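Structural characterization, general
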Amino acid sequence: MTPVAAAMTSAADDEAGFTLVEVIVALAMLSLGLTLVMGLLSTGLSRTGMAERLAGAVSLAQSVMAQVGSVIPLRADIRDGTEANGYQWHLAIQPYRPAQSGDARPVELYQVSVQVGWQQGQDPRSYALSTLRIGPRASRSQ
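Residues numbered from 1 in each chain as written. Predicted model: local features only at pLDDT ≥ 70, side-chain atom pairs only at ≥ 80, totals over all residues. Heavy atoms only, no water.

Notes on the packing of aromatic side chains
As enumerated under the stated definition, the model contains 1 aromatic pair in all. A cation over an aromatic ring shows up here: Arg53 above the ring of Tyr87, its NZ or CZ 4.5 Å from the ring centre. (Phe/Tyr/Trp six-rings, centres within 6.5 Å; stacked < 30°, edge-to-face > 60°. Lys NZ or Arg CZ within 6 Å of the ring centre and 35° of its normal.)

What to know about the sheet that holds strand β4 (residues 123–136)
Read across the sheet, 4 strands follow the order β1-β2-β3-β4 without closing on themselves; strand pairing throughout is antiparallel. Edge positions in the open sheet fall to β1 (77–82) and β4, since each of these has one partner strand only. When strand polarity is set aside, the average angle formed by the axes of neighbouring strands in this sheet is 15°. Two elements, strand β3 (residues 107–120) and β4, share 14 bridges in a ladder whose sense is antiparallel. Counterpart to Val107 in the pairing with β4 is Pro136. (Pairing = 2+ DSSP bridges. Helix = DSSP H or I, 4+ residues; strand = E, 2+ residues; numbered from the N terminus. Axes fitted to C-alpha atoms, helices over the stretch in contact; angles between N-to-C directions.)

What about the pairing of β3?
In this structure, strand β2 (residues 88–95) lies alongside β3, joined through 8 bridges in antiparallel fashion. Looking at the pairing, Trp89 lines up with Val116 of β3. Two successive antiparallel strands, β3 and β4, enclose a turn made up of 2 residues, where Gly121 displays a positive phi of approximately 65°.

In structure tokens:
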């Protein structure tokens, strides 16, 4: 055998390629990495859905709160409602402090509270807003 042929034969023996064990380890590492990435994507999508539902509840609570004093009269009252997208809301308007006898002021401070509830999978969720509004004093007959 010539020296060139001998050198080519020994080089070919050194480049045998990957062994079966190396291929199996590489596939195991790839599958573990893909499992982790898929878990992160699933969690991200679930959190995005929760954020969308919460944003809808916040929007509904602000909308109901904005109606108080215009569409909904500002006086002691309790109202409930249901929306088509699965939200239920509860509005409570009550005097902030009871009127004291002899108090002749024509206005009163009201606490306005809105609570919006919805179902997130099996778990009930809710969001609440509360504020104080000034309005006309309720007459004694109401």
